[in-house]
Number of protein chains: 2
Amino acid sequence: MAKKSKSALKEKKGVSISEITNASSIKSIKEKRKAEIDVDTLVKSILKKDITALSRAITLIESKNPKHKDLASLILKSCLPHANKSIRIGITGVPGVGKSTFIEAFGKHLTSLEKHVAVLAIDPSSTITKGSILGDKTRMEDLVKDKNAFIRPSASGDSLGGVARKTRETIILCEAAGFDVIIIETVGVGQSETTVHSMVDFFLLLKLAGAGDELQGIKRGIIEMADTIAINKADGDNLKRAKLAKVEFNRALHLYPEKSSNWQPKVTLCSAIKNEGIDVIWNIILDYIRTTSKHDFFNKKRHEQNKFWLIQTIEDQLKSDFFNTPKIKKELANQLQLIENNQTTPFVAADYLLKLKI
Amino acid sequence: MAKKSKSALKEKKGVSISEITNASSIKSIKEKRKAEIDVDTLVKSILKKDITALSRAITLIESKNPKHKDLASLILKSCLPHANKSIRIGITGVPGVGKSTFIEAFGKHLTSLEKHVAVLAIDPSSTITKGSILGDKTRMEDLVKDKNAFIRPSASGDSLGGVARKTRETIILCEAAGFDVIIIETVGVGQSETTVHSMVDFFLLLKLAGAGDELQGIKRGIIEMADTIAINKADGDNLKRAKLAKVEFNRALHLYPEKSSNWQPKVTLCSAIKNEGIDVIWNIILDYIRTTSKHDFFNKKRHEQNKFWLIQTIEDQLKSDFFNTPKIKKELANQLQLIENNQTTPFVAADYLLKLKI
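Residues numbered from 1 in each chain as written. Chains lettered and ligands numbered in written order. Predicted model: local features only at pLDDT ≥ 70, side-chain atom pairs only at ≥ 80, totals over all residues. Heavy atoms only, no water.

*Asks:* Before we move on, can you summarise the confidence of the model for chain A with the specific residues and values?
*Replies:* Residues and elements named next belong to chain A. Scored by pLDDT, chain A comes out at a mean of 83, with 80% of its residues at no less than 70. Of the regions scoring below 50 in pLDDT, residues 126–132 engages in 19 contacts with residues more than four places distant in sequence or in other chains. A low-confidence stretch, residues 213–217 (pLDDT under 50), is modelled with 12 contacts involving residues beyond four sequence positions or located in other chains. Quick note on the complex model: pTM equals 0.71, ipTM equals 0.74. (pLDDT = per-residue confidence, 0-100. Contact = heavy atoms within 4.5 Å.)

Next comes the structure, spelled out in structure tokens:
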């Protein structure tokens, strides 16, 4: 998508296809374009809900070019006072649960209510393959065409932390561009749910009826993070099983202690493909916001999340600096071997390695 | 308890009570005792299951005196080849669940089977109050008198990490002293269960029937860590409710995916006060060891735990070094304020603070 809009831009500027096939002219065009980036104009366009400007700013955030990083920081700083005004919703569920269909139905419901919806994704597998779970946008054909919807493929990066940062900053840009609902999708591999959970107001877990959790591959701890569990594909022959699953999940949820939000997680049925139960979920979310705003949990949670990301980013960097030192890398392996041989304890080994770094 | 054994030692050496009340003579006695510590002799005594020597070595591990730390390291090193030979069991449950009564009944059952049982505790509250959940040993009167049992109050310390290290090292000493079952008790405040879980082979959760988890104050995630849930006080009028709770917990456990140990957590009933169901729990533990030893999970888990403690200790130290720098402390507060005011992002603030340290 980013590529598409770039070439669209180029075409607008009268660059012909033949020119683009010439490598050196591409370079000079790119240099010209770089020079053209004017932060003020770009920010103004973003605030005017200009999608091309928004896409361009996101591309800068995702860029590894240090110059782009500086530009991105400036843009973010200007957008910040206009951020924080959306409802951020995390959606997870294993492949096959119908996430795309659900997000399309949910997104269309929201745009029908005059909401502006941005859909982002965190896909840890993309950190390896540089692929993207939302790359193939044919998955959400109707929503893509909707003028009040914005779908952005997942950022790629070297680490989940890097992807998280890019997504977190993209949220700020989308909010500045006037999107009032931000959906963040994840496939639930590795730590991605925890990452998404740490940047959203409301966390929705999509499930299927019948299939045990073993089969659904849901990781431990996910159920506890959910503010609502929606059992999708609750239609036709599946409806009875879905209702049974609802009872079972409700029972399971009651085994958990109350959340600090005072919110009792809900279990609800839906059929994204038949567009049933989607409005119910949106109403649950509105209810959640009302409930958690009453005792200021809603804002408190956002503050806690900001603090979490600040501390987390620092800690990740400290660890990465330490463990990527060649001397430490080598000695860590030695010390692990000594521990295995009962020749040292983990604590004595830690002291040794820490002294080595200094 | 440490104090008691110290004064006992003093009495053996013919120091009269009147002398002890004299501060300066106490000091000279202490100095004499310090000089007397001979690592070789102490280790030999530990290996001969001399409880006084064991207690003394643990006191050295717990000491903040740098000289003692060096001695403790030497003792640990000599004990290490004799360690790793026990079954390490973590036991948790909220106050009122009957932990002391359970541990007493369980410990007595084990000593009746010729086992040597050590009971340690991790009590995060003791890091603040310097108190100890096992300090009042009248809680386990019978077990205290048992010559094959050793009960040690929880170490105190400035941090849970510090307490964890002391407990982890005390396990090594107890194993060297021939204890073949090590029980680590925790009250389940803060992160203490996770800490205990990371140093034991088997994790037992004690619960009560009837009372909801809200009332029992069980934290999220604990149920997932349990290898077995024992519903205590399953006697008299309570038995019916306990049986119902068993069904409910079994159902809840099935909602979780299989553990990497391939072990399906059990739910069982017991009455510690009536000494019922205690043998069943021990048999479950033996079954667990058989099952997890078959595919070498048992040893693999211990190796993973060693690695975990190595990495964890290093990471804790890196963080503590960073965040305790006065300059960082001050600027962290400023940056948090800027984030709250929408003037910076957590990521930009993190970059700023990391550069400041260098």
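Still to come is the rest of the account.
*Asks:* Give me the lowdown on the sheet that holds strand S6 (residues 228–232) of chain B, citing residues and values where you can.
*Replies:* Residues and elements named next belong to chain B. Taken in spatial order, the 7 strands make up an open sheet running S3-S2-S4-S1-S5-S6-S7, and their pairing is parallel. Two strands close off the open sheet at either side, each with one partner strand: strand S3 (149–151) and strand S7 (266–269). Ignoring strand direction, the axes of neighbouring strands in this sheet form an average angle of 25°. Examined bridge by bridge, strand S1 (residues 87–92) and strand S5 (residues 202–208) share 4 bridges and lie parallel to one another. Across the sheet, Gly90 pairs through a bridge with Phe203, a residue of S5. Its contacts with the sheet place helix H14 (residues 239–254) against S5, S6 and S7, and it is angled at close to 175° to S7. (Pairing = 2+ DSSP bridges. Helix = DSSP H or I, 4+ residues; strand = E, 2+ residues; numbered from the N terminus. Axes fitted to C-alpha atoms, helices over the stretch in contact; angles between N-to-C directions.)

*Asks:* Help me get a handle on the relation of the copies chain B and chain A, residues and values and all.
*Replies:* Of the transformation superimposing chain B on chain A, the axial component is 0.1 Å and the angular component is 179°, with the fit at an RMSD of 0.1 Å. Each copy turns onto its partner about a two-fold axis. The position closest to the rotation axis in chain B is occupied by the C-alpha of Ala252 of chain B, lying 2.8 Å away. A symmetric contact is evident, with 100% of the interface residues of chain B recurring at the interface of chain A. (Least-squares fit on C-alpha atoms with pLDDT ≥ 70 in both.)

*Asks:* Explain the nonpolar core to me, using residue names and the numbers behind them.
*Replies:* Membership of the largest hydrophobic core comes to 110 residues, with the highest contact counts inside it found for Ile75 of chain A together with Ile75 of chain B. Discounting residues that sit within four places of it in the chain, Ile75 of chain B has contacts with Val39, Leu42, Val43, Ile46, Ala57, Leu60 and Leu173 of chain B. (Core = buried A, V, L, I, M, F, W, Y, C linked by side-chain atoms within 4.5 Å. Buried < 20%, exposed > 50% of the residue type's maximum accessible area, 1.4 Å probe, protein only.)

*Asks:* Outline the packing of aromatic side chains, supporting the account with residue identities and numerical values.
*Replies:* Enumeration according to the criterion identifies 16 aromatic pairs over all chains in this entry. With a centroid separation of 5.1 Å and 80° between ring planes, the pair formed by Phe308 of chain A and Trp309 of chain A is classed as edge-to-face. Judged by relative accessible area, which is 5%, Trp309 of chain A ranks as buried. Between the aromatic rings of Phe150 of chain B and Phe179 of chain B, the centroid separation amounts to 5.9 Å while the plane-to-plane angle is 35°, which identifies the pairing as tilted. With a gap of 29 residues between them, Phe150 of chain B in strand S3 and Phe179 of chain B in the loop between helix H10 (160–176) and strand S4 (181–186) connect regions that are remote in the sequence. In this structure Phe179 of chain B comes out as buried when scored by relative accessible area, which is 4%. (Phe/Tyr/Trp six-rings, centres within 6.5 Å; stacked < 30°, edge-to-face > 60°.)

*Asks:* How would you sum up the pattern of salt bridges? Please name residues and give values.
*Replies:* Per the stated rule, a full pass over the model turns up 14 salt bridges over all chains. Lys108 of chain A is the partner of Asp146 of chain A in a salt bridge, and the nearest nitrogen-oxygen pair spans 3.2 Å. Here Asp146 of chain A, found in the loop between helix H9 (141–145) and strand S3 (149–151), pairs with Lys108 of chain A, found in helix H7 (residues 99–112); they are 38 residues apart in sequence, far enough to count as distant. Residue class for Lys108 of chain A comes out partly exposed when judged on its relative accessible area of 33%. One salt bridge in this structure joins Arg302 of chain A and Asp201 of chain A, with 2.7 Å as the shortest N-O distance. In this pair, Arg302 of chain A sits in helix H16 (residues 297–323) while Asp201 of chain A sits in the loop between helix H11 (192–197) and strand S5 (202–208), placing the two residues 101 residues apart along the sequence. Both residues of the pair, Arg302 of chain A and Asp201 of chain A, belong to the buried class. Through salt bridges with shared partners, a single network forms among Arg165 and Glu169 of chain A together with Asp351 of chain B. (Salt bridge = Lys/Arg side-chain N within 4 Å of Asp/Glu carboxyl O.)

*Asks:* Please provide a residue-by-residue account of the sheet that holds S3 of chain A, values included.
*Replies:* All names here are of chain A. Spatially, the 7 strands line up as an open sheet ordered S3-S2-S4-S1-S5-S6-S7, and their pairing is parallel. With partners counted over all chains shown, the strands left at the sheet margins are S3 and strand S7 (266–269), one partner each. Geometrically, the sheet is characterised by an average inter-axis angle of 20° between neighbouring strands, direction not taken into account.

*Asks:* So, the packing of helix H17 (residues 326–340) of chain B against helix H18 (residues 346–357) of chain B: which residues are in play, and what are the values?
*Replies:* Residue and element names in this part refer to chain B. At a minimum axis separation of 10 Å, H17 and H18 run at an interaxial angle of 165°. When the interaxial angle is binned, H17 and H18 end up roughly antiparallel. Along this stretch, H17 crosses H18, giving a crossing that reads as right-handed. Residues Lys327, Ile328, Glu331, Leu332, Gln335 and Ile339 of H17 pack against Pro346, Ala349, Tyr352, Leu353, Leu356 and Lys357 of H18. Of the residues contributing to the contact of H17 with H18, the split by class is 8 nonpolar, 1 polar and 3 charged. (Parallel < 35°, antiparallel > 145°, perpendicular 65-115°, else oblique. Left-handed = near helix turned anticlockwise from the far one by under 90°. Nonpolar A, V, L, I, M, F, W, Y, C, P; charged D, E, K, R; others polar.)

*Asks:* Describe the interface of chain B and chain A, and please don't skip the residues or the numbers.
*Replies:* Listed per partner, the contact involves 56 residues of chain B and 59 residues of chain A. Between chain B and chain A, roughly 5,500 Å² of surface is buried when both sides are summed, and carbon and sulfur atoms account for 67% of that area. At the boundary of chain B with chain A, the tally comes to 4 salt bridges. With its nearest N and O atoms 3.6 Å apart, the salt bridge here joins Glu315 of chain B to Lys319 of chain A. Linking chain B with chain A are 6 residue pairs in polar contact (both at pLDDT 80 or more). Taken together, the elements giving at least two residues each to the side of chain B that touches chain A come down to H10, helix H12 (213–216), H14, helix H16 (297–323), H17 and H18 of chain B. Considering every element that reaches the side of chain B that touches chain A, the biggest residue donor is H16 of chain B, with 14 residues. (Buried area = accessible area lost by both parts, 1.4 Å probe. Polar contact = N/O pair within 3.5 Å; in protein donor to acceptor, adjacent residues only side chain to side chain.)

*Asks:* Explain helix H5 (residues 51–62) of chain A to me, and be specific about the residues and the numbers.
*Replies:* Residues and elements named next belong to chain A. In a regular helix each residue adds 1.5 Å, so 12 residues correspond to 16 Å; H5 covers 16 Å between its end C-alpha atoms and thus fits that length. Those residues of H5 not exposed but buried are Ala53, Leu54, Ser55, Ala57, Ile58, Leu60 and Ile61. Where H5 begins, the capping side chain belongs to Asp50, and its oxygen is found 2.9 Å from the backbone nitrogen of Thr52. (Expected span 1.5 Å × (residues − 1).)

*Asks:* Please provide a residue-by-residue account of the pairing of S6 of chain B, values included.
*Replies:* Residues and elements named next belong to chain B. Burial runs high along S6: 5 of the 5 residues are buried. Burial of the side chains of S6 extends over both faces: Thr228, Ala230 and Asn232 are buried on one face and Ile229 and Ile231 on the other. By the bridge criterion, 5 bridges tie S5 to S6 in an arrangement that is parallel. Residue Lys207 lies in a different strand from S6, and its bridge partner there is Ile231. Note that S6 and S7 share 4 bridges and pair parallel. Bridged to Ile231 within S7 is Leu269.

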